[in-house]
Amino acid sequence: MDVLTLSRIQFGATISFHYIYPPLSIGLGAMLVIMEGLWLKTGNPVYHQVARFWTRVFALTFAIGVATGIVMEFEFGTNWATYSRFVGDVFGSALAAEGIFAFFLESGFLAVLLFGWDKVGRKTHFFSTCMVAFGAHFSAVWIIVANSWMQTPAGYHIVGEGMHARAEITDFWQLVFNPSSMDRLFHTLCGAWCAGAFLVVSVSAWYLLRQKHQEFARASLKVGLTVALVASLLQAVTGHKSAQDVARNQPAKLAAFEGLYNTTSNAPLVLAGWVDEKNEKVVGIAAPGMLSFLAHNDFHMPVTGLKEFKPEDRPPVTASFLFFHGMVGIGFTLIAIASLGFLYFRKGTLPERRWLLWLLVFSVLGPQFANQLGWFAAEVGRQPWLVYGVMRTPEGLSAVVKANVVLTSLIMFTFIYFLLFAVFIYLLNDKIQHGPDDADLIPSGKLARPAKN
Amino acid sequence: MHLDLNTIWFILVGVLFTGYAMLDGFDLGIGALHLFTNKDEERRVMLNSIGPVWDGNEVWLVTGGGALFAAFPNVYATVFSGFYLAFYLLLAALIFRAVAIEFRSKQPMRWWRQMWDVSFSVGSILSSLLIGVALGNIAWGVPVDANGEFAGTFLGLLKPYPLLVGVTTVALFMMHGAIYGVMKTEGGLHDKLRVWATRCIIFFVICAVTLTMAALLFVPHMAARVRENPWLFSVALANMLAIANIPREFHHGNDGRAFLSSCATIVTLMALFALNIFPNMIYSLPNPENSLTIYNAASSPKTLGIMLVIAGIGIPVVLAYTVSIYWIFRGKVKLDRMSY
């Protein structure tokens, strides 16, 4: 295989593996704030136990998230050096801002969150929990800004020619608020909240099935199902907004998502099916006019088809189509699962419905797959561009790196990541089997003192 | 020396990497010393002495890398693609080290703990060594072609001088970590660490002297720099005084002051390194005209200005809560339910 293919596989593999963890940190971080907030508000010790248990799970995901995240920062330079030279002036500032504003905040206050339970008072601890969650969200802001700039570049101009050409900032705020950044940010955050919420839901449902730790499970479920429902519903709204961005800014990408070859008014939305690339059409069930509505809020507006673009400017159609539809399908399934769970939980009959509990146990996989597929769709749909309309993917490669060297690092990191994943699952399972600690029902140290109001 | 934006960012990137060396230096050093004791409880105390802070310390490297990317994208691109395999090894070492800290005490089995103990220690030593070798190569000079691309090979990076810098870095971090450990522990482990610290100081001093001689004898452009700017001797002198003060304070039992001297040693070493390469960031050997400087490798003045605002807002805040977190976790380590 050539350097390009290997480098793309390596970047895809390392970022996919990394992206198992940040959504869990963001989602669980937000959940921890709610859980600890509920403890401080109600004084109910079960919420203290809930917060302590999920903090331990959070620590596990955070550690691997940090360890695998550094790889990403290095990889821009090691494998995509020409890209780095070209965009450093613009893209680099977002990464540096992420380091200074988000990572320090997160890792600093994580110390208090994890080890400070007995050393600081309630308010300081709660403040630290908020700061960790805030830092996790803030790091999403900067990395999404950077990635969105690659999708919809703005606030820059090209200086120099040929090999020495590069993008330079003209307006920092246009870079930050580029046409797709905010909608994509909220869509990504909803995905992260879902990842955290459905993990909590899944484990709690498991305890109810096994009739263990029931009080703990009910308290966790209450928070988990509420966040899951709100986040999965918001996900549909932000998804709609993002689709409109794509229609406006990256029409070839939207056409690939839907396998739409001819520009069509009253364009149909494919509900299920596949792309017949040879005959340039989609086989499947479609809802007429829905794509026009999704893209332009109007059932009759024409949607641009792939034929408007030269073949070398089109993204891979089948892959984009499958990733996008996979994501959307899972997204709507999650809304249904969260609604059912929430409904029966409120009625108080959830523990009797074992089929639903089993469904909730497996629902943890939903956001993980949807998050991965969503990113696959976003990044594959951007092809053949590395920076949309400005730089093609092969142009960004490092000039001096050879295929066998990339193969070496790819094999090394595939091995390391499988090992890490196995250990992660082993330890996560161990924590879940062990369950919440009954000693956590009694706050100790300075936390035992009620906050002065 | 005219203080323009490029120079300011040269200094700021230097400050970030120096902060990294000073802070992560001691927890890498603790890692290097980890296997010297085989008692489980002592190993846990060692781990927990850095438990709340190692993660934040590593962020200095991440932010330093980010700042380098943003301020000097050409340096970032040339070094990272040129040192490809070395940096992937560094990443592997840092990953194993990080997850070992988190995973080690999660299971009681002996083989489990032994496996992660070895990962932690080997990862720490390898990280220190590779960081030192990378720095040594920059000091020695690396081959750069007319397009600013790295023109050497992986094996070409393993020259004696950079390797010596690597070993010295391991020694420096071990000394730094041992003194930190002395401050954070009590009882039997404290006494052991005291003995190790003394040996580490001797190890480091031998390395530092050898390295200085090697630099003056074999790195002609560094010696020339000192000849042209005699005031550089004052920085070298400050460095020597800082080093000499470490054993002095340590034997008087002023562990805190010994640690500060060790910090001062790191700061002055980094200052010497920076002053020797300035205004180059990558000194090109054998074609000095291809060197990447703070001007030909930098981002636009506009970006450097924006970043300065970001740094101006961010750094004071970061320093404020870094200090408060070290304050919250001050004193000797005591194991409890939350410990690693």
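Per-chain numbering applies: the sequence of each chain, read as written, is numbered from 1 onward. Numbering of ligands from 1 and lettering of chains from A proceed in the order in which they are written. With the structure being a predicted model, the display of local features is reserved for residues of pLDDT at least 70 and the display and counting of side-chain atom pairs for 80 or more, all residues being used for whole-chain, interface and lining totals.

(A) A look at the overall build of chain B. Strands here are runs of E lasting at least two residues and helices are runs of H or I lasting at least four, both read from the DSSP assignment and numbered beginning at the N terminus. If you tally the helices and strands in chain B, you get 12 helices and two strands. Using C-alpha atoms as the atom set, the radius of gyration is obtained and then compared with a globule rule of 2.2 Å times the number of residues to the power 0.38. For 340 residues, the compact-globule formula gives about 20 Å, and the C-alpha radius of gyration of chain B, at 20 Å, lands near that figure. In terms of its C-alpha atoms, chain B occupies a principal-axis envelope of roughly 55 × 40 × 35 Å. Looking at chain B as a whole, 54% of its 340 residues qualify as buried. Expressed as a percentage of contacts within chain B between residues at least 6 apart in sequence, the contacts between residues at least 24 apart total 78%. Here exposure depends only on C-beta density: within 10 Å of a residue's C-beta, 20 or more other C-beta atoms make it buried, 12 or fewer make it exposed, and intermediate numbers make it partly exposed, the C-beta atoms being placed from the backbone. Contact between two residues is assigned when their C-beta atoms, built from the backbone, lie within 7 Å.

(B) Layout of the overall build of chain A. Of regular secondary structure, chain A possesses 14 helices and six strands. Its C-alpha atoms give chain A a radius of gyration of 23 Å, within 12% of the compact-globule value 22 Å for 453 residues. The buried share of chain A, reckoned over its 453 residues, is 55%. Expressed as a percentage of contacts within chain A between residues at least 6 apart in sequence, the contacts between residues at least 24 apart total 76%.

(C) Focus on the packing of helix H7 (residues 181-209) of chain A against helix H12 (residues 354-362) of chain A. Residue and element names in this part refer to chain A. Every axis corresponds to a line fitted to the C-alpha atoms, with the helix fit spanning only the stretch in contact, and the corresponding angles, defined between N-to-C directions, vary from 0 to 180 degrees. Where H7 meets H12, the axes come as close as 7 Å, and the angle between the chain directions of the two elements is 145°. Every pair of crossing elements has a handedness; the one defined by H7 and H12 is left-handed. Residue-level contacts link Val 201, Ser 202, Ala 205, Trp 206, Leu 208 and Leu 209 of H7 to Arg 354, Leu 357, Leu 360 and Val 361 of H12. All amino acids are sorted into three groups, where Ala, Val, Leu, Ile, Met, Phe, Trp, Tyr, Cys and Pro are nonpolar, Asp, Glu, Lys and Arg are charged, and the leftover types, Gly among them, are polar. By residue class, the composition of the contact of H7 with H12 is eight nonpolar, one polar and one charged. Handedness of a helix crossing follows the sense of rotation of the near helix relative to the far helix, less than a right angle counterclockwise being left-handed and clockwise being right-handed.

(D) Quick peek at the packing of helix H7 (residues 160-184) of chain B against helix H11 (residues 255-277) of chain B. Residue and element names in this part refer to chain B. Between H7 and H11, the shortest axis-to-axis distance is 9 Å and the interhelical angle comes to 155°. The angle between H7 and H11 falls in the class roughly antiparallel. At the point where H7 passes H11, the crossing takes the left-handed sense. On H11, the residues that touch Leu 172, Met 175, His 176, Ile 179, Tyr 180, Val 182 and Met 183 of H7 are Asp 255, Gly 256, Ala 258, Phe 259, Ser 262 and Ile 266. Grouping the constituent residues of the contact of H7 with H11 by class yields nine nonpolar, three polar and one charged. Oblique is the label for every angle not falling under 35 degrees (roughly parallel), over 145 degrees (roughly antiparallel), or within 65 to 115 degrees (roughly perpendicular).

(E) Quick look at unusual backbone geometry. With an omega of 5°, the peptide bond between Gln 383 of chain A and Pro 384 of chain A qualifies as cis. If you trace the backbone, Pro 384 of chain A turns up in the loop between helix H13 (365-380) and strand E5 (385-387). Looking along the chain, the bond that leaves Leu 285 of chain B and enters Pro 286 of chain B is cis, with omega of 15°. Within the fold, Pro 286 of chain B resides in the loop between strand E1 (280-282) and strand E2 (292-293). Even without a glycine there, the phi angle at Glu 280 of chain A is positive, about 50°. Given 15 C-beta atoms within a 10 Å radius, Glu 280 of chain A is considered partly exposed. Although it is not a glycine, Asn 297 of chain A adopts a positive phi angle of roughly 60°.

(F) Local environment of the nonpolar core. Of all hydrophobic cores here, the largest spans 268 residues; its most connected members are Met 31 and Trp 54 of chain A. The element that contributes the greatest number of residues to this core is helix H4 (residues 81-115) of chain A, accounting for 23 residues. By our criterion, buried Ala, Val, Leu, Ile, Met, Phe, Trp, Tyr and Cys residues that link up through C-beta atoms within 7 Å make up a nonpolar core.

(G) Local environment of the confidence of the model for chain B. pLDDT measures how confident the predictor is about each residue, on a scale from 0 to 100. Mean pLDDT for chain B: 90, with 99% of residues reaching 70 or above. Confidence, expressed as mean pLDDT per element, reaches its minimum in chain B at helix H9 (residues 220-228) of chain B with 80 and its maximum at H7 of chain B with 94.

(H) Looking closely at helix H1 (residues 3-18) of chain A. Residues and elements named next belong to chain A. With 16 residues, H1 ought to run about 22 Å at 1.5 Å a step, and its terminal C-alpha atoms sit 22 Å apart, in line with that. Regarding H1, the residues found buried are Leu 6, Ser 7, Arg 8, Gln 10, Thr 14 and Phe 17. For H1, the elements touching its buried residues are helix H3 (45-79) and helix H14 (403-434). Residue count minus one, scaled by 1.5 Å, sets the expected span of a helix.

(I) Geometry of the pairing of strand E4 (residues 281-287) of chain A. Residue and element names in this part refer to chain A. Looking at chain direction, strand E3 (residues 269-276) and E4 are connected through seven bridges and run antiparallel. In the sheet register, Gly 273 faces E4, and the bridge partner there is Gly 284. Two strands qualify as a pair provided that DSSP identifies no fewer than 2 bridges between them. Adjacent in sequence and paired antiparallel, E3 and E4 are bridged by four residues, among which Glu 280 carries a positive phi angle near 50°.

(J) Broad picture of the environment of Tyr 20 of chain B. Locating Tyr 20 of chain B in the fold gives a position in helix H1 (residues 5-33). Discounting chain neighbours no more than four positions away, the residues touching Tyr 20 of chain B are Trp 60, Leu 61 and Gly 64 of chain B.

(K) Quick peek at the interface of chain B and chain A. Contacts between the two partners involve 54 residues from chain B, matched on the other side by 57 residues from chain A. Elements supplying a minimum of two residues to the side of chain B that touches chain A: helix H3 (54-71), helix H4 (73-82), helix H5 (84-103) and helix H12 (301-328) of chain B. The dominant element in the side of chain B that touches chain A, judged by the number of residues it contributes, is H12 of chain B, at 13 residues. Here the side of chain B that touches chain A is composed, by residue class, of 34 nonpolar, 14 polar and six charged.

(L) Summary view of the environment of Asp 313 of chain A. All names here are of chain A. As for its position among the elements, Asp 313 is in the loop between helix H10 (290-296) and helix H11 (317-347). The sequence separation of Asp 313 and Ala 252 amounts to 61 residues, and the corresponding C-alpha distance is 8.1 Å. For Asp 313, the contacting residues outside a window of four places in its chain are Ala 252 and Pro 384.

(M) Structural context of helix H6 (residues 110-140) of chain B. Residue and element names in this part refer to chain B. When the terminal C-alpha atoms of H6 are compared, their 44 Å separation across 31 residues agrees well with the 45 Å that a helix rising 1.5 Å per residue should span. Of all 31 residues in H6, 23 are buried, a share of seventy percent or more. Immediately beyond the C-terminal end of H6, within one or two residues, lies Gly 141, with a positive phi of roughly 110°.

(N) Quick peek at the environment of Asp 24 of chain B. Residues and elements named next belong to chain B. Looking at the secondary structure, you find Asp 24 in helix H1. With 28 C-beta atoms counted inside 10 Å, the residue Asp 24 sits in the buried group. Sequence separation of Asp 24 and Ala 197 is 173 residues, and the distance between their C-alpha atoms is 17 Å. Those residues in contact with Asp 24, other than ones at most four positions away along the chain, are Asn 57, Glu 58, Trp 60 and Leu 61.

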